[in-house]
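Coordinate inspection notes
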Amino acid sequence: MYQIKKDRLPELFAAMAGAQDLFLPIRKADQTNYGLWTEEVQVDLDTLKTVKSGKDCFFPQSETLYSCKNEDGKLSIDPAKLTDEPFVVFGMRACDVQGLKVLDNVFLNDPVDSFYAARREHGTVVAIACHEPEETCFCKVFGIDAANPAADVATWFAGEELYWKALTEKGEALTDSVKTLFTDGDDGAVEEEKKQIRAIIEKLPYSHLDLSRFTPEKTMELFDSPLWEEMYQPCLACGTCTFVCPTCQCYDIKDFNTGSGVQRYRCWDSCMYSDFTMMAHGNMRTSQMQRFRQRFMHKLVYYPANNDGMFSCVGCGRCVSKCPASLNIVKVIKKLGGEA
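Residues numbered from 1 in each chain as written. Predicted model: local features only at pLDDT ≥ 70, side-chain atom pairs only at ≥ 80, totals over all residues. Heavy atoms only, no water.

1. Overview of the overall build of the chain
The criterion, for reference: In this text, helices come from DSSP runs of H or I with a minimum length of four residues, and strands from runs of E with a minimum of two, each type numbered from the N-terminal end. The size measure is the radius of gyration over C-alpha atoms, and the globule rule it meets is 2.2 Å times the number of residues to the 0.38 power. Burial classification: accessible surface area is computed with a 1.4 Å probe over protein chains only, and a residue below 20% of its type maximum counts as buried, one above 50% as exposed, and the rest as partly exposed. For every accessible area listed, the method is Shrake-Rupley and the probe measures 1.4 Å; residues are considered covered only by the protein chains on display. Only four residue types enter the tally: Lys and Arg on the positive side, Asp and Glu on the negative side; His and the chain ends are excluded. Here the site of a charge means NZ on Lys, CZ on Arg, CG on Asp, or CD on Glu.
Helices and strands together make up the secondary structure of the chain, namely 11 helices and 12 strands. In terms of overall size, the chain behaves like a compact globule, its C-alpha atoms giving a radius of gyration of 22 Å where 340 residues would be expected to give roughly 20 Å. In the chain, buried positions account for 49% of the 340 residues. Accessible surface, the chain as shown: approximately 16700 Å² in total, 50% of it carbon and sulfur. For the chain, the distance from the average position of its 38 positive side-chain charges to the average position of its 49 negative side-chain charges is 5 Å.

In structure tokens, the structure reads:
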């Protein structure tokens, strides 16, 4: 366990960024999102939840896959270069770290997504425990401990200190590269911080939601519930919930004519859009109710049924705070699973 004064964090960032790219929460235009660190940016570690999660560093909102050119009748195809340099993502919360594990089950199983795999291989995650969890948080429901994030490095803010603990080989390597900035840390201060965080979580309104009804055995019962017709109606099909979600992995693939060739790229998509999974014969989900149901059945039933009980929700609460129609997974859980 190590520690460093909060007012020396710019030195720590500069040391990490000297050897590799460093991504961390940056305040810009009154919004906080992950971006590349430079001395000029406004680092914001006080905002509990960035608008988009740190998954953007591993599964970008848009990325080129390859480029094609036809020169004098000769076709050339140039694949985009895979990430081959180390980088650090600093400041992820425990829920968003768990979100990466959800994505791992999708992109690292056969067939492996080489773009995602390269970023996971070269990326080191430094997580921060949630000093003051908010009312929209419910990570505990999914077995996530906001007081003890399971990343390559776990950190805690207590008083005027940042406490630092490496948890993996990647974390140890990063720690060794900046160790001269640290002093030995006080385990007691961290344990007290964990205790206070967990005490707050116990009092949050959504920390004790009942998931017992969301099992594979009840798939058809939940799927056929008439309550979907009631719940979906305020939905605007805007896709906000999917774009702020740390576990959504749907994407579309498109071609762009640059004038000197064609770039094939992929970009995030949303199961809430009417043209999602559009095929030649049309869309297999023809109503917004069906699309709404698909999103939450996947989070709570389909995904855990195929991934040893791991839910595809991490309780970050972004959909609770960002949905313009006040629809979210908490309401679905309460309506279908009971008010407990």
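Let's pick the thread back up.
2. What about the sheet that holds strand β10 (residues 183-184)?
The condition that has to hold: Pairing between two strands is assigned when DSSP locates at least 2 bridges connecting them. Residue contacts are counted whenever heavy atoms from the two residues lie within 4.5 Å of one another. All axes are obtained by fitting lines to C-alpha atoms, using only the stretch in contact for helices, and the reported angles, taken between N-to-C directions, cover 0 to 180 degrees.
Strand order in the open sheet formed by eight strands is β3-β2-β6-β7-β8-β9-β1-β10, and the pairing between neighbours is mixed. Taken across any chain shown, the strands that pair with only one partner, and hence form the sheet edges, are β3 (31-36) and β10. Sitting on the sheet, helix α4 (residues 169-178) touches β1 (2-5), β6 (87-92), β7 (123-128), β8 (153-158) and β9 (161-166), and the angle it makes with β9 is about 130 degrees.

3. Focus on the side chain of K55
Heads up, the rule is: Here a polar contact is taken to be a pair of N or O atoms separated by no more than 3.5 Å, where protein atoms must pair a possible hydrogen donor with a possible acceptor and residues adjacent in sequence count only if both atoms sit in side chains.
Summarising the element assignment, K55 is placed in the loop between β3 and β4 (62-71). A polar atom in the side chain of K55 sits 2.5 Å from the backbone oxygen of C248. Discounting residues that sit within four places of it in the chain, K55 has contacts with L100, L103, T242, C245, P246, T247, C248 and W268.

4. Here's the deal with the pairing of β1
Along any regular strand the residues' side chains alternate between the sheet's two faces. In this sheet, β9 lies alongside β1 in antiparallel orientation, the contact comprising four bridges. Bridged to K5 within β9 is E161. Pairing of β1 with β10, which is carried by two bridges, proceeds in the antiparallel orientation. Bridge pairing in β10 links Y2 to D184.

5. Topic: helix α2 (residues 94-107)
Applied cut-off: Here, expected helix span is obtained from the residue count minus one, scaled by 1.5 Å.
When the terminal C-alpha atoms of α2 are compared, their 20 Å separation across 14 residues agrees well with the 20 Å that a helix rising 1.5 Å per residue should span. Judged by how many residues are buried, α2 sits mostly within the fold: 11 of 14 residues are covered. Burial in α2 covers these residues: A94, C95, D96, V97, Q98, G99, L100, V102, L103, D104 and F107.

6. Focus: the packing of aromatic side chains
Cut-off, in case you're wondering: Pairing of aromatic rings covers Phe, Tyr and the six-membered ring of Trp, with a centre-to-centre limit of 6.5 Å; geometry is then stacked below 30 degrees between planes, edge-to-face above 60, and tilted otherwise.
One pass over the full model with this rule turns up 16 aromatic pairs. Centroid distance F13 to F90: 5.2 Å. Interplanar angle 75 degrees. Geometry classified as edge-to-face. You can see F13 sitting in helix α1 (residues 9-17) and its partner F90 sitting in strand β6, a full 77 residues away along the chain. Exposure remark for F13: the relative accessible area of 4% places this residue in the buried category. Geometrically, the ring pair formed by F138 and F142 is tilted, given 6.0 Å between the ring centres and 55 degrees between the ring planes. Overall, the relative accessible area of 14% leaves F142 in the buried class. Three or more aromatic residues joined by ring pairs form one cluster here, namely F59, F107, Y116, F243, Y251, W268 and Y273.

7. Examining the nonpolar core
Selection criterion: Here, nonpolar core means buried Ala, Val, Leu, Ile, Met, Phe, Trp, Tyr and Cys residues that are tied together by side-chain atoms lying within 4.5 Å of each other.
Within the largest apolar cluster, 53 residues are counted, with the highest numbers of intra-cluster contacts made by F138, F142, F214, W228, F292 and L300. Per element, the largest residue contribution to this core is six residues, and it comes from helix α9 (residues 288-306). Among the nonpolar cores identified, the runner-up in size contains 22 residues, and M16, L22, L45 and F90 belong to it.

8. What about unusual backbone geometry?
Residue P111 is bonded to the preceding D110 through a cis peptide linkage, with omega at -5 degrees. Mapped onto the fold, P111 is located in the loop between α2 and α3 (114-122). Residue D308 is not a glycine yet carries a positive backbone phi of 55 degrees. Along the chain, the position of D308 falls in the loop between α9 and α10 (318-322). Even without being a glycine, S326 presents a positive backbone phi close to 60 degrees.

9. Describing the pattern of salt bridges
Rules: By definition here, a salt bridge exists when the distance from a side-chain nitrogen of Lys or Arg to a carboxyl oxygen of Asp or Glu is within 4 Å.
Counted according to the given criterion, the structure contains 19 salt bridges. Salt-bridge contacts for K5 lead to E161; the nearest nitrogen and oxygen are separated by 2.9 Å. Remark: E161 occurs in strand β9 and K5 occurs in strand β1; sequence separation between them is 156 residues. You can call K5 partly exposed: its relative accessible area is 44%. Across the pair D176 and K179 runs a salt bridge whose closest N-O atoms are separated by 3.2 Å. Judged by its relative accessible area of 46%, D176 is partly exposed.

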